[in-house]
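Structural characterization, general
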Amino acid sequence: MKALLTLDEQKQIVAKHAIDTLIKEGKIFSGMKIGLGTGSTAMPAVKRLAEYIQKGKLKNIAAVPSSFQTSIACEEFNIPIFSLSSGRINGELDLTIDGADEIDSKKNLIKGGGAALLREKIMAYNSKSFVIIGDESKQVKTLGTGFPLPIEIAPEARLSIMKKLESWGVSMVLRDGIRKKGPVVTDNGNFILDIKWPAQAKTNPSKFEKELNAIPGVIENGFFTENPPRVFIANAGGEVKEF
Ligand code: 5RP
């Protein structure tokens, strides 16, 4: 009997499959402006893209990295990087490819497990097309049942935001650093709150996305409900399915 793939193996497979498919279909082509996500699924996709560039099959690619992790990977793989507001990119991407923490059947997402949700959302919402890649653990019925929703907040507003959220019945933790004392500080100098919210909000992520962002000091939250992505999911049997 064939051994089942681990989640890490699924991430490798789905990343390679998605890049190869998009190239074959002509959806990734020379001269494109591509947004690159953050995390352990996005990294093998960055590597696969670099292989096409190194072989000369893709030329003049302009990448926008969503985090320091991704910009370092691009530097290591010699993928030219630009900021979203540079003249070359001009505030708009052709394609963004990224991972996710949760994906529901309507293609709403939770992102931000890697604390890169702010730049990831700016890129996803300013991309002509958006592609999400994931292992089978990422597909869920209801967002937030397993993975808490990350919110990027201004450090100054930590307590005022927490009090407001508590009044809505939300429970939360301030995300702590690993091998760093104190809270996680994002690439943008902010903190992350990981929240669990009452059942009634779970049915309408789009409404909750806007309500959260209206709290003073909330910079962005990890619900992605606009620009529905093309989704590639790998399973333990090694198949990659699309929806
Ligand atoms: C980073 C993200 C990642 O896409 C998300 O956390 C998934 O990560 P991984 O691919 O490592 O499972 O949103 O902010």
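Let us look at the structure shown here. (Residues numbered from 1 in each chain as written. Predicted model: local features only at pLDDT ≥ 70, side-chain atom pairs only at ≥ 80, totals over all residues. Heavy atoms only, no water.)

Once that is clear, we can look at the overall build of the protein. The number of helices and strands found in the protein is seven helices and 13 strands. Relative to the compact-globule value of 18 Å for 243 residues, the protein shows a C-alpha radius of gyration of 18 Å, a close match. Taken over the C-alpha atoms alone, the protein extends approximately 55 × 50 × 35 Å along its principal axes. Within the protein, buried positions represent 50% of all 243 residues. Long-range pairs, those at least 24 residues apart, make up 76% of the contacts in the protein with a sequence separation of at least 6. By element, 55% of the accessible surface of the protein is carried by carbon and sulfur atoms, the whole surface being about 11600 Å². (Helix = DSSP H or I, 4+ residues; strand = E, 2+ residues; numbered from the N terminus. Rg over C-alpha atoms; globule rule 2.2 N^0.38 Å. Buried < 20%, exposed > 50% of the residue type's maximum accessible area, 1.4 Å probe, protein only. Contact = heavy atoms within 4.5 Å. Areas by Shrake-Rupley, 256 points an atom, 1.4 Å probe, with all protein chains shown as cover.)

Tallied over the full model, the rule gives six aromatic pairs. Here the aromatic rings of Y125 and F224 are separated by 6.0 Å at their centres, their planes lie at 75°, and the arrangement is edge-to-face. Here the residue Y125 occupies a position in the loop between α4 (117-124) and β6 (127-135), and F224 occupies one in strand β11 (residues 223-224), the gap between them amounting to 99 residues. Y125 sits in the partly exposed class, given a relative accessible area of 25%. Judged by relative accessible area, F224 falls into the buried class, the value being 1%. Taken together through their ring pairs, the aromatic side chains of W168, W197, F208 and F223 make up a single cluster. Between K111 and the ring centre of F224, over which it is positioned, the NZ or CZ distance is 5.7 Å. One cation-aromatic arrangement involves K121 over F224; the distance from NZ or CZ to the ring centre is 5.4 Å. (Phe/Tyr/Trp six-rings, centres within 6.5 Å; stacked < 30°, edge-to-face > 60°. Lys NZ or Arg CZ within 6 Å of the ring centre and 35° of its normal.)

Mapping I151 onto the fold places it in strand β7 (residues 149-153). When the C-alpha atoms of I151 and K121 are compared, they prove to be 12 Å apart, with 30 residues separating the residues in sequence. When sequence neighbours within four positions are dropped, the list of residues in contact with I151 reads L165, F191, I192, L193, I195, L212, V218, E220 and N221.

Here the focus is unusual backbone geometry. Of note in this structure, N60 is not a glycine but carries a positive phi near 55°. Relative to the helices and strands, N60 is located in the loop between α2 (42-54) and β2 (62-65). For N60, a relative accessible area of 58% gives the class exposed.

This paragraph deals with the sheet that holds strand β5 (residues 109-110). Overall, antiparallel pairing links the three strands, which are arranged β4-β5-β11 in an open sheet. Each end of this open sheet is capped by a strand with a single partner; those strands are β4 (102-103) and β11. Pairing analysis gives two bridges linking β4 to β5, with the strands arranged antiparallel. Counterpart to E102 in the pairing with β5 is I110. (Pairing = 2+ DSSP bridges.)

Judged by nonpolar contacts, the single largest core of 29 residues is most densely connected at I28, I34, L36, L49, I97 and I133. Among the elements that line this core, the one with the most residues is α2, at eight residues. In this view, L36 contacts V46, L49, A63, V64, P65, S66, T70, C74, I97 and M123; residues no more than four positions away in its chain are not counted. In this structure, I153, M162, M172 and W197 belong to the second largest nonpolar core, which totals 20 residues. (Core = buried A, V, L, I, M, F, W, Y, C linked by side-chain atoms within 4.5 Å.)

Taken together, the neighbourhood of the ligand is formed by 18 residues, with S40, T41, D101, G112 and K138 sitting nearest. The side chain of K111 places a nitrogen or oxygen atom 2.8 Å from an oxygen atom of the ligand. Notes on the ligand: free accessible area 380 Å², of which the protein chains cover 91%. (Near = heavy atom within 4 Å. Polar contact = N/O pair within 3.5 Å; in protein donor to acceptor, adjacent residues only side chain to side chain.)

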